[in-house]
Amino acid sequence: MENDTLQLRTATLTDDAELARMNASAWTPEIEVVPAEGPDKPFFADYRRVEDVIVAADGDTLAGFAHLARHIRIPKNDHVLHLNSLVVAPGQRGRGISHRLVDAAVEEARRRGARKLGLRALSTNKVAVELYRQHGFVEEGRLREEFRQPDGGWADDVWMALFL
Ligand SMILES: CC(C)(COP(=O)(O)OP(=O)(O)OC[C@H]1O[C@@H](n2cnc3c(N)ncnc32)[C@H](O)[C@@H]1OP(=O)(O)O)[C@@H](O)C(=O)NCCC(=O)NCCS
């Protein structure tokens, strides 16, 4: 793996524009749920705080990010975090960067005291589902045929989780 120069760190506000561009280029109609945001829209927002984003940086270039967040903001759900988004820049895929980002997200969830790290993926996103399985996430349930796909087919909304 040629990832010797890769560094995982918490995002900073100066990453905003590059993350917005990466996010806008990362999703295709087959794997997105909500249509991708345009590259000019600010990346950080109330629902995506800078301190909740882990970036993989290769020198001055950002290669990917993971966004951790609360799923249901009520005290009874304090022990659960969600991996809301995981992206590797299209030109950086196939280098194992996603493994480093998932490891970092799991480590950060543990550091924050979470008992469980959840996520959702489309059943048609085979790469993501297999990646998460390799890291020990198991399917907890699925909403069948929840999303219509561009080719007229259907995708299940798969809920997965890792107990920490
Ligand atoms: C999902 C994503 C982060 C994976 O990053 P990547 O750099 O492409 O992943 P890699 O090529 O390093 O492969 C990581 C793992 O994915 C799985 N994978 C990769 N290609 C696969 C394929 N063709 N079929 C099934 N699983 C595959 C494997 O588990 C692989 O691990 P391994 O190579 O050690 O066996 C990246 O494709 C991406 O950003 N996609 C768009 C956004 C997205 O779908 N995010 C997840 C939403 S839930």
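Residues numbered from 1 in each chain as written. Predicted model: local features only at pLDDT ≥ 70, side-chain atom pairs only at ≥ 80, totals over all residues. Heavy atoms only, no water.

**Focus on the UniProt feature "domain: N-acetyltransferase" (unreviewed entry) in the chain**
Here is step 1: Under the feature "domain: N-acetyltransferase" (unreviewed entry), the UniProt entry names residues 6–164.
Here is step 2: In this annotation, residues 6–164 is assigned 22% helix and 36% strand; the end-to-end C-alpha distance for the span is 25 Å. (UniProt positions renumbered as here; feature names shortened; annotations may be inferred. Helix = DSSP H or I, 4+ residues; strand = E, 2+ residues; numbered from the N terminus.)

**Description of the environment of Arg-48**
Here is step 1: Relative to the helices and strands, Arg-48 resides in the loop between helix 1 (16–26) and strand 2 (53–58).
Here is step 2: Note: C-alpha distance between Arg-48 and Asn-84 (36 residues apart in sequence) is 9.2 Å.
Here is step 3: Apart from residues lying up to four places away in sequence, Arg-48 is in contact with Asn-23, Glu-37, Pro-42, Phe-43, Val-53 and His-67.
Here is step 4: For Arg-48, the side chain forms a polar contact with the main-chain oxygen of Phe-43, separated by 2.9 Å. (Contact = heavy atoms within 4.5 Å. Polar contact = N/O pair within 3.5 Å; in protein donor to acceptor, adjacent residues only side chain to side chain.)

**A few points about the sheet that holds strand 2**
Here is step 1: The strand order across the open sheet built from seven strands is 1-2-3-4-5-7-6, with neighbouring strands paired in mixed fashion. Because the sheet does not close on itself, it has two edges, and the strands there are strand 1 (6–10) and strand 6 (138–148). In this sheet, adjacent strand axes meet at a mean angle of 25° when their direction is disregarded.
Here is step 2: Sheet topology note: the strand 4 (residues 80–88)/strand 5 (residues 116–122) ladder contains three bridges and is parallel. Opposite His-82, over in strand 5, you have Gly-118 as the bridge partner. (Pairing = 2+ DSSP bridges. Axes fitted to C-alpha atoms, helices over the stretch in contact; angles between N-to-C directions.)

**Considerations on helix 2 (residues 97–111)**
A turn of α-helix holds 3.6 residues, and therefore any two residues three or four places apart point the same way.
Here is step 1: Here helix 2 is 15 residues long and its end C-alpha atoms lie 21 Å apart, about the 21 Å a rise of 1.5 Å per residue gives.
Here is step 2: When helix 2 is considered as a whole, its buried residues turn out to be Ile-97, Ser-98, Leu-101, Val-102, Ala-104, Ala-105, Val-106, Glu-108 and Ala-109. (Expected span 1.5 Å × (residues − 1). Buried < 20%, exposed > 50% of the residue type's maximum accessible area, 1.4 Å probe, protein only.)

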